[in-house]
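Given next are the chains, with one letter for each unit.
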Amino acid sequence: RVVCLENRAVTEYTPGEMMASVAARELKDGEVVFVGIGLPNLACNLARATHAPNLVLIYESGAVGAVPERLPVSIGAPALVTGSLMICGMADIFQSFLQNGRIQVGFLGGAQIDRWGNINTTVVGPYEKPAVRLPGSGGASEIAALAQRTLIISKLNARAFPAEVDFITSPGQNCRGMKRKDLGMPGAGPLKIITDKGILEADPGTGEMVLTALYPGVAVEEVRKGVGWELKVREPLGSVEPPSPEDVRLLREKLDPQKLFLKS
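Values in this document were obtained by computation on a predicted structure and should not be read as measured data. (Residues numbered from 1 in each chain as written. Predicted model: local features only at pLDDT ≥ 70, side-chain atom pairs only at ≥ 80, totals over all residues. Heavy atoms only, no water.)

Visitor: Outline the pairing of strand 7 (residues 105-108), listing residues and values.
Guide: Side chains Val105 and Phe107 of strand 7 all project onto a buried face; the interleaved residues Gly106 and Leu108 project onto the opposite face, where all are buried too. Examined bridge by bridge, strand 3 (residues 32-34) and strand 7 share two bridges and lie parallel to one another. Bridging across to strand 7, Val33 finds its partner in Val105. Bridge count between strand 7 and strand 12 (residues 149-153): four bridges; the pairing is parallel. Paired with Gly106 across the strands is Thr150, a residue of strand 12. (Buried < 20%, exposed > 50% of the residue type's maximum accessible area, 1.4 Å probe, protein only. Helix = DSSP H or I, 4+ residues; strand = E, 2+ residues; numbered from the N terminus. Pairing = 2+ DSSP bridges.)

As structure tokens, this is what we get:
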């Protein structure tokens, strides 16, 4: 739990609420967002409830322009259907929207994320004899390759942020020495990683993820301990405003009152 002093009032917020609030600020009104379940979904609905009422949410299951009145617990939740602009097949979502360049923002997470923004949701350990077999790609690989820009949301820890992922499920800025443009990917790929400590961004020159901003009360060394490579820091290092009291109220009372995704 973090305590923020704002206008002489004390606002308490959790790391999850901070991440959802920061992610919401990345979204502009009217953008088309390919979104999943969990914190990305909360971020999108928070943005729509505050500064981006015309955000268009697209889900892998086929819901286009979804306006869920209650928090969906899966991409197949009935709440995504009611009031949506269109319901179509998954093939139409990927062919007509994603491959056609109509997805402006993609939200992703993963079991492993490396210094280039590559994401692993396939296996931990060697592919032939993995220590852990993960759910796989789903639509994540296509989102990372084709969305105009991709945002990653994940809590920092050294196991989840190795220097190199065990398997590249979703491409980042550099895939085993091959850059995105060399592989013919039209999307910009992962540009920001929103963590529970600060923000990492792809360096425009190298594509390597570097620390660009810290959350209140967090030191650079705390972030460095959470990654498996020698993390570079962009100067001047920015700071991130905490969630507003209204953000916290919306997240707790309207968007996730049962704490399905915002754990204490």
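Picking up where we left off.
Visitor: Can you explain the layout of surface pockets? Please cite residues and give values.
Guide: If you add up the space inside the largest pocket, you get close to 480 Å³. Together, 21 residues line the largest pocket, and Gly36, Ile37, Phe107, Leu108 and Gly109 are the ones closest to its centre. Of the residues contributing to the lining of the largest pocket, the split by class is 12 nonpolar, eight polar and one charged. If you go around the second largest pocket, you meet 13 residues; those closest to its centre are Gln173, Lys179, Pro204, Gly205 and Gly207. Residue composition of the lining of the second largest pocket, by class: four nonpolar, five polar and four charged. (1 Å grid on protein atoms, 1.4 Å probe; cavity = no way out; pocket = protein on both sides within 12 Å on 5 of 7 lines; lining within 4 Å. Points joined across faces, edges and corners; volume = space filled by probe spheres on them. Nonpolar A, V, L, I, M, F, W, Y, C, P; charged D, E, K, R; others polar.)

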